[in-house]
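Understanding the architecture of this molecule
These are the residues of each chain, in order.
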Amino acid sequence: MDAKLLEILVCPVCKGPLVYDKPRQELICRGDRLAFAVKDGIPVMLEGEARTLDPTEDIPR
Ligand SMILES: [Zn+2]
């Protein structure tokens with residue numbers, strides 16, 4: 001995914017920064033523990049579509 005696109009993207013819930021999980025193709029908000037899917041290089045920034053991270057799941061840095 002484009003690094004510049006990643007820079008301007010924020011969490012739609014808390015407007016915080018996102019972490020790109022490349023292997024999983026997800027954008028992760030640490031604060032909300034939500035993972036937004038990236039489909040064909042396009043992030044799906046919808047709270048209703050986001051996956052809630054498991055408490056034991058590692059959040060990449
Ligand atoms: Zn958030």
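Calculation criteria
- Residues numbered from 1 in each chain as written.
- Predicted model: local features only at pLDDT ≥ 70, side-chain atom pairs only at ≥ 80, totals over all residues.
- Heavy atoms only, no water.
- Donors = N, O, S within 2.8 Å, 3.2 Å for Na, K, Ca; no water.
- Tetrahedral: all angles 85-135°; square planar, octahedral: opposite > 155°, others 65-115°.
- Helix = DSSP H or I, 4+ residues; strand = E, 2+ residues; numbered from the N terminus.
- Buried < 20%, exposed > 50% of the residue type's maximum accessible area, 1.4 Å probe, protein only.
- Core = buried A, V, L, I, M, F, W, Y, C linked by side-chain atoms within 4.5 Å.
- Contact = heavy atoms within 4.5 Å.

Taking an unreviewed UniProt entry as the reference, the chain is identified by name as UPF0434 protein SAMN02745857_01878 belonging to Andreprevotia lacus DSM 23236.

1. Some remarks on the coordination of the zinc ion
Here the zinc ion is held by Cys-11 (SG), Cys-14 (SG), Cys-29 (SG) and Asp-32 (OD), and the distances to it run 1.8 to 2.3 Å. With four donor atoms in place around the zinc ion and angles of 104 to 114° between them, the coordination shape is tetrahedral. The sequence pattern describing where the donors of the zinc ion fall on their chain is C-x2-C-x14-C-x2-D. Taken together, the residues Cys-11 in the loop between helix H1 (3-8) and strand E1 (19-21) and Asp-32 in the loop between strand E2 (26-29) and strand E3 (34-39) connect sequence positions 21 residues apart. Given a relative accessible area of 0%, Cys-11 falls into the buried group. Residue Asp-32 is classed as partly exposed on the basis of its relative accessible area, which comes to 27%.

2. Remarks on the nonpolar core
If you look at the biggest cluster of nonpolar residues, it comprises eleven residues: Leu-9, Cys-11, Leu-18, Tyr-20, Leu-27, Cys-29, Leu-34, Phe-36, Val-38, Met-45 and Ala-50. Sorting the residues of this core by element identifies E2 and E3 as the ones contributing at least two each. Element by element, the count of residues in this core is highest for E3, at three residues. Every residue in contact with Leu-27, bar those within four places of it in the chain, is listed here: Met-1, Leu-6, Leu-9, Leu-18, Val-19, Tyr-20, Leu-34, Ala-35, Phe-36, Val-38, Pro-43 and Met-45.

3. Observations regarding the environment of Pro-12
Within the secondary structure layout, Pro-12 lies in the loop between H1 and E1. Distance from Pro-12 to Cys-29, taken between C-alpha atoms, is 9.5 Å for residues 17 residues apart in sequence.

4. Examining unusual backbone geometry
With phi around 60°, Lys-15 is a residue other than glycine that occupies positive phi space. Summarising the element assignment, Lys-15 is placed in the loop between H1 and E1. Phi is positive for Asp-40, close to 55°, though the residue is something other than glycine. Take Asp-40: it is sitting in the loop between E3 and strand E4 (42-43).

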